[in-house]
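Overview (structure and organization)
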Amino acid sequence: MARPRRSIPIFFVGILLCFCLAASEKAEHVKYKDPKQPLNVRIKDLIGRMTLEEKIGQMVQIERAVASAEVMKKYFIGSVLSGGGSVPAPKASAKTWLNMVNEFQKGSLSTRLGIPMIYGIDAVHGHNNVYKATIFPHNIGLGATRDPALVKKIGAATALEVRATGIPYAFAPCLAVCRDPRWGRCYESYSEDHKIVQAMTEIIPGLQGDIPSNSRKGVPFVAGKKNVAACAKHYVGDGGTTRGINENNTVIDRHGLLSIHMPAYYNSIIKGVSTVMTSYSSWNGVKNHANHEMVTNFLKKTLRFRGFVISDWEGIDRITSPPHANYTYSILASINAGLDMIMVPNNYKEFIDGLTYLVKNKFIPMSRIDDAVKRILRVKFVMGLFEDPLADDSLVDQLGSQEHRELAREAVRKSLVLLKNGDSADAPLLPLPKKAPKILVAGSHANNLGYQCGGWTIEWQGQGGNNITDGTTILTAIKKTVDPKTKVVYKEKPDAEFVKSNDFSYAIVVVGEHPYAETNGDSLNLTIPEPGPSTIGNVCGAVKCVVVVISGRPVVIQPYVRYIDAIVAAWLPGSEGQGVADVLFGDYGFTGKLSFTWFKTVDQLPMHVGDSHYDPLFPFGFGLTTKPTKA
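Residues numbered from 1 in each chain as written. Predicted model: local features only at pLDDT ≥ 70, side-chain atom pairs only at ≥ 80, totals over all residues. Heavy atoms only, no water.

1. With respect to the overall build of the chain
On a plain count of helices and strands, the chain comes out with 22 helices and 17 strands. Relative to the 2.2 N^0.38 estimate, which gives 25 Å for 631 residues, the radius of gyration of the chain is 27 Å and therefore close to what a compact globule would have. Overall, the C-alpha framework of the chain stretches about 125 × 50 × 45 Å when taken along its three principal axes. Looking at the chain as a whole, 61% of its 631 residues qualify as buried. In the chain, the proportion of contacts linking residues at least 24 apart, taken out of those at least 6 apart, comes to 77%. Accessible surface computed for the chain: about 24,100 Å², of which carbon and sulfur atoms make up 55%. Of the side chains in the chain, 71 bear a positive and 58 a negative charge, and the two mean positions are spaced by 6 Å. (Helix = DSSP H or I, 4+ residues; strand = E, 2+ residues; numbered from the N terminus. Rg over C-alpha atoms; globule rule 2.2 N^0.38 Å. Buried < 20%, exposed > 50% of the residue type's maximum accessible area, 1.4 Å probe, protein only. Contact = heavy atoms within 4.5 Å. Areas by Shrake-Rupley, 256 points an atom, 1.4 Å probe, with all protein chains shown as cover. Lys, Arg positive; Asp, Glu negative; His and termini not counted. Charge placed at Lys NZ, Arg CZ, Asp CG, Glu CD.)

2. What to know about helix 10 (residues 254–261)
Within helix 10, burial applies to Gly256, Leu257, Ile260 and His261. Take helix 10 and look down its axis: the buried residues cluster within an arc of 100°, on one side only. Turning to helix 10, the residues buried within the fold contact helix 8 (194–199), strand 6 (249–250), helix 11 (263–270), strand 8 (282–283) and helix 12 (292–302). (Arc of directions from axis to C-beta.)

3. Looking at the side chain of arginine 182
As for its position among the elements, arginine 182 is in the loop between strand 4 (169–170) and helix 8. Owing to a relative accessible area of 9%, arginine 182 belongs among the buried residues under this scheme. A polar contact is formed between the side chain of arginine 182 and the side chain of aspartate 180, at a distance of 2.7 Å. (Polar contact = N/O pair within 3.5 Å; in protein donor to acceptor, adjacent residues only side chain to side chain.)

4. What about the packing of aromatic side chains?
In total, this model carries twelve aromatic pairs according to the counting rule given. On the numbers, 5.8 Å between centres and 45° between planes, the contact of tryptophan 571 with tryptophan 598 is tilted. Here tryptophan 571 is found in strand 17 (residues 566–571), whereas its partner tryptophan 598 is found in the segment after helix 22 (578–584), with 27 residues between them in sequence. A relative accessible area of 2% means that tryptophan 571 is categorised as buried. Residue classification places tryptophan 598 among the buried residues on the basis of a relative accessible area of 0%. Every member of this aromatic cluster is reached through a ring pair, and the members are Tyr32, Phe381 and Phe386. The ring of tyrosine 588 has arginine 413 lying over it, and the distance from NZ or CZ to the ring centre is 3.8 Å. (Phe/Tyr/Trp six-rings, centres within 6.5 Å; stacked < 30°, edge-to-face > 60°. Lys NZ or Arg CZ within 6 Å of the ring centre and 35° of its normal.)

5. What about the state of the cysteines?
Evaluated as defined, the whole model comprises two disulfides. In this model, cysteine 178 is linked to cysteine 186 through a disulfide, with the two sulfur atoms separated by 2.1 Å. The S-S bond linking cysteine 178 to cysteine 186 shows a torsion near -105°; that makes this disulfide left-handed. Like cysteine 178, the residue cysteine 186 is buried in the burial classification. If one numbers only the bonded cysteines of the chain, in the order they occur, the disulfide pattern is 1-2, 3-4. There is no disulfide at cysteine 174, and the cysteine sulfur nearest it, in cysteine 178, is 9.4 Å away. (Disulfide = S-S within 2.5 Å.)

6. Notes on unusual backbone geometry
The omega torsion of the bond from alanine 172 to proline 173 falls at 10°, within 30 degrees of zero and hence cis. Structurally, proline 173 can be placed in the loop between strand 4 and helix 8. The linkage connecting lysine 233 with the following residue, histidine 234, adopts the cis geometry, with an omega of -5°. As for its placement among the helices and strands, histidine 234 is situated in strand 5 (residues 231–235). Positive phi is not limited to glycine here, since glutamate 247 has a value of about 65°. Mapping glutamate 247 onto the fold places it in the loop between strand 5 and strand 6. Exposure remark for glutamate 247: the relative accessible area of 22% places this residue in the partly exposed category. In this model, histidine 324 sits at a positive phi of 65°, which is unusual for a non-glycine residue. Relative to the helices and strands, histidine 324 is located in the loop between strand 10 (308–310) and helix 13 (327–337). Among the residues examined, histidine 324 registers a relative accessible area of 31% and is labelled partly exposed.

Printed below as a string of structure tokens:
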């Protein structure tokens, strides 16, 4: 008779059990979402909940053009990027960018575990894909400033502009030590000297914020919502390839690699860099994207780097020749080498299927997948993405702000290198007088914002013209700087007769290279394209002239030096051309020093300080100075 009564407690026990399970589930659930928990507790808790499918999704980075909230949710995608020139709309505003990024993020947050994605972009000289962003000088110019504190400020300004568009991750800085100017990425290198590249790693605390003094070495650090995760690239030896051929082979012994191409990575890791990107290039015939010794044993174990290692764009495809010939092998070689996140960027289903197959069939151990995912989660936790996954519009006014433009203008002034100033120190041409009856401004680059910004500006390869973004051309800057009574005559390609018959007081000729990026910039002759040389000849043969060279590297100028009165290396100064006029007319003095050797002929290359054949036109470290003119 008593049996029915016993069923009531059992019923209650059942409910109680459900309650307890739910409560413990809830308490546990809070662990990885609880910012008060230690970092490793959060990582361990989250990874313990993840399926293989969710883990592999974290390792995938896809291009904006193939992403959507649905794709993010369905495939648990860990990261999205904009390739060079990949924008939500032409001339898109900061808010348009921000809304796009948030839309993808909402897809990620709607997954079972709600792991936020991280959006990355190439912000390599300012937020260079974005319309109206401040375009700073390319790294080669910043190397000439010898001013790490300035470069740190540029990092902080860039971080604010990147965050203004809702993006928390920049693929910068490039730590290449360019050993041959024939390389098409030489302008992305601060110097041929690793010591200058090391000094310029100060851009990392600019981008990410200053690492706390008690921080464990090697652990990534991002200070907050006004900073971005940085990326040291391209690991390792990208600037040392034979004849400067892009993505080619760096032939050097281990000592040479570690003493020339590696040192800036030591500094970056000490400064808490969040990510490292591997290089397309090879070291002594071994592809960096498949080099277990350098990625796992050296970077992760010896240098104790705790952030994540990311591939370059289709970098794993290029492990084979031709690219993508055996994609399963590319996945196997790169993941087992120690790469954590793969910039796929388009054929993500093929990558996910291939990696899933390799793990399930024990070609890639689960421990390797867990290592990759832990590293990716570590960066996401450290930078506060779990607490603040969605961007707000509080920073939109930072994009192209006047303060940042003034900083860029200062960087231009300090980057200019004066190579020649009159035939003797007693008769300098510079600084130029602001008061003159009539002056000539000539050359293909005098009135071309796109040319003075170079590659990686709005488009991947850059482009010419004055409609690409906001900024000040060198011609406009000259007109603003001279005395109102000085007549400025602009003629892009004047003939000699025109110059002779016009009685100009002096001429400013601005010529140089056309924009390029990566392989498209590889050059075996390094000549200034026409009409540059003929403009120099027509103008400088007839009137006192200063030639301003706009280029991503030293170029051939030896044939013209003798009939040019003054020569200025202006590199790729970016959007703030006023900085060039500031120094030409003596409001500020010339202070820049060559961070690269300026060769006489390409036959001398490669050539560095200490080489027995070192016989440059202008040596490494050269740069004449001028004093500011008293007003």
